[in-house]
Amino acid sequence: MKCSLIPSLTVSLLILMGNTGCDDQKKHIAMLEETNQQLLGDLQNAREQILALRQANDTCQGDLTDAAAELDRMRAELAKPQEEAPAGWTPVPGGAMIALEGSMLFDGGKADLRSSSQQTLERIVQTIRANYSDKDILVYGHTDNVPITHSSWKDNYQLSTERALSVVRWLAGRGISPSKLVACGCGENRPVVANTSDENRAKNRRVEIYALEATPVPAS
């Protein structure tokens, strides 16, 4: 009887060991499959990141190309020889400018043109007609930094603007198209020299007239 029990116990042990080994293998396979899925997900994320980086790089390259083209355009524009300006005018990019001392046009603290200024302004009209008929005409009024105290003007901005308007109205009255005229008041904010003396303040009291390349206005 004892001898007959040994084979039965051996078979039972082998079956138990076999069952235990299968369970471990299944767990191992499941772990591998889970790891594989995670790796596949990581790979997909990496591919998406690479694609996004490539698209961002293409955008940057396009921006750099556009910037380089704009820089080349600006360099070419600056390299162009500036046209000679008429007597008294200074060449500027897109046209020319003439500066007139305030005392030539106005009495102190006033915005009405002096009668003696009309000869000077008439020469400017003739120059605009002859040389800059296709340009916009921008008139900038400037003052020194002395505050307004004894006049009806609120501040130097108002005085400089009214002076620019007086010149613009006079030019319009002499046939310069109002659609090309612009009046600007800068007050004391754009001095050509420091306001440290009466002489310097006199230089800063001025009217600048620019004849510049016309800017097209889109149709509404």
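Residues numbered from 1 in each chain as written. Predicted model: local features only at pLDDT ≥ 70, side-chain atom pairs only at ≥ 80, totals over all residues. Heavy atoms only, no water.

Draft legend 1. Spotlight on the overall build of the chain. Tallying secondary structure elements over the chain gives 5 helices and 5 strands in all. The order of α-helices and β-strands along the chain, N terminus first, is α-β-β-α-α-β-α-β-α-β. Out of the 220 residues in the chain, the part that is buried amounts to 25%. Of the contacts formed within the chain by residues at least 6 apart in sequence, a portion of 70% connects residues at least 24 apart. As displayed, the chain has an accessible area near 15500 Å², and 57% of this comes from carbon and sulfur atoms. (Helix = DSSP H or I, 4+ residues; strand = E, 2+ residues; numbered from the N terminus. Buried < 20%, exposed > 50% of the residue type's maximum accessible area, 1.4 Å probe, protein only. Contact = heavy atoms within 4.5 Å. Areas by Shrake-Rupley, 256 points an atom, 1.4 Å probe, with all protein chains shown as cover.)

Draft legend 2. Representation of the sheet that holds strand S4 (residues 181-185) in the model. Strand order in the open sheet formed by 5 strands is S1-S2-S5-S3-S4, and the pairing between neighbours is mixed. Among the strands making up the open sheet, the edge pair consists of strand S1 (90-92) and S4. For this sheet, the mean angle separating the axes of adjacent strands, direction not counted, is 25 degrees. Looking at chain direction, strand S3 (residues 135-142) and strand S5 (residues 206-213) are connected through 8 bridges and run antiparallel. Bridge pairing in S5 links His-142 to Arg-206. Along the sheet, helix H3 (residues 118-131) contacts strand S2 (95-101), S3 and S5; its crossing angle with S2, the most-contacted strand, is approximately 175 degrees. Seen against the sheet, helix H4 (residues 156-173) touches S3, S4 and S5 and runs at an angle of roughly 160 degrees to S4. (Pairing = 2+ DSSP bridges. Axes fitted to C-alpha atoms, helices over the stretch in contact; angles between N-to-C directions.)

Draft legend 3. Focus on the nonpolar core. In this structure, Trp-89, Ile-124, Ile-137, Val-139, Val-167, Leu-171 and Ile-209 are the most contacted members of the largest nonpolar core, which totals 23 residues. Put simply, the parts of the chain that give this core at least two residues each are S2, H3, S3, H4 and S5. Residue contacts for Val-167: discarding those within four places in its chain leaves Leu-105, Phe-106, Leu-113, Leu-121, Val-139, Val-207 and Ile-209. (Core = buried A, V, L, I, M, F, W, Y, C linked by side-chain atoms within 4.5 Å.)

Draft legend 4. Layout of the layout of surface pockets. Roughly 350 Å³ of volume is contained in the second largest pocket. Lining the second largest pocket are 18 residues, and of these Gly-108, Gly-109, Leu-159, Arg-163 and Arg-205 lie nearest its centre. Looking at which element gives the most residues to the lining of the second largest pocket, the answer is H4, with 3 residues. Its residues assigned to classes, the lining of the second largest pocket shows 5 nonpolar, 9 polar and 4 charged. (1 Å grid on protein atoms, 1.4 Å probe; cavity = no way out; pocket = protein on both sides within 12 Å on 5 of 7 lines; lining within 4 Å. Points joined across faces, edges and corners; volume = space filled by probe spheres on them. Nonpolar A, V, L, I, M, F, W, Y, C, P; charged D, E, K, R; others polar.)

Draft legend 5. The arrangement of the packing of aromatic side chains in detail. One pass over the structure, following the stated rule, counts 2 aromatic pairs. Between Trp-89 and Tyr-132, the ring centres sit 5.4 Å apart and the planes meet at 40 degrees, which makes this aromatic pair tilted. Of this pair, Trp-89 sits in the loop between helix H1 (2-79) and S1 while Tyr-132 sits in the loop between H3 and S3; the two residues are 43 residues apart in sequence, bridging distant segments of the chain. By relative accessible area, which is 7% here, Trp-89 ends up buried. The buried category is assigned to Tyr-132, whose relative accessible area is 6%. Between Tyr-140 and Tyr-210, the aromatic rings sit 5.4 Å apart at their centres with planes inclined by 75 degrees, giving edge-to-face as the arrangement. (Phe/Tyr/Trp six-rings, centres within 6.5 Å; stacked < 30°, edge-to-face > 60°.)

Draft legend 6. Molecular detail of the packing of H3 against H4. At a minimum axis distance of 11 Å, the contact between H3 and H4 shows a crossing angle of 60 degrees. With respect to each other, H3 and H4 are oriented oblique. For the crossing formed where H3 meets H4, the hand is right-handed. The segment H3 lies against H4, with Gln-118, Leu-121, Glu-122 and Val-125 engaging Val-167, Trp-170 and Leu-171. Taken together, the residues of the contact of H3 with H4 break down into 5 nonpolar, 1 polar and 1 charged. (Parallel < 35°, antiparallel > 145°, perpendicular 65-115°, else oblique. Left-handed = near helix turned anticlockwise from the far one by under 90°.)

Draft legend 7. Just the pattern of salt bridges, in detail. Under the definition given, this model contains 7 salt bridges. Taking the shortest distance from any N to any O, the salt bridge between Glu-213 and Lys-135 comes out at 3.0 Å. Of this pair, Glu-213 sits in strand S5 while Lys-135 sits in strand S3, and the two are 78 residues apart along the sequence. In this structure, Arg-201 and Asp-198 form a salt bridge, with 2.8 Å as the shortest nitrogen-oxygen distance. Of this pair, Arg-201 and Asp-198 both sit in helix H5 (residues 198-204), 3 residues apart, roughly one helical turn. (Salt bridge = Lys/Arg side-chain N within 4 Å of Asp/Glu carboxyl O.)

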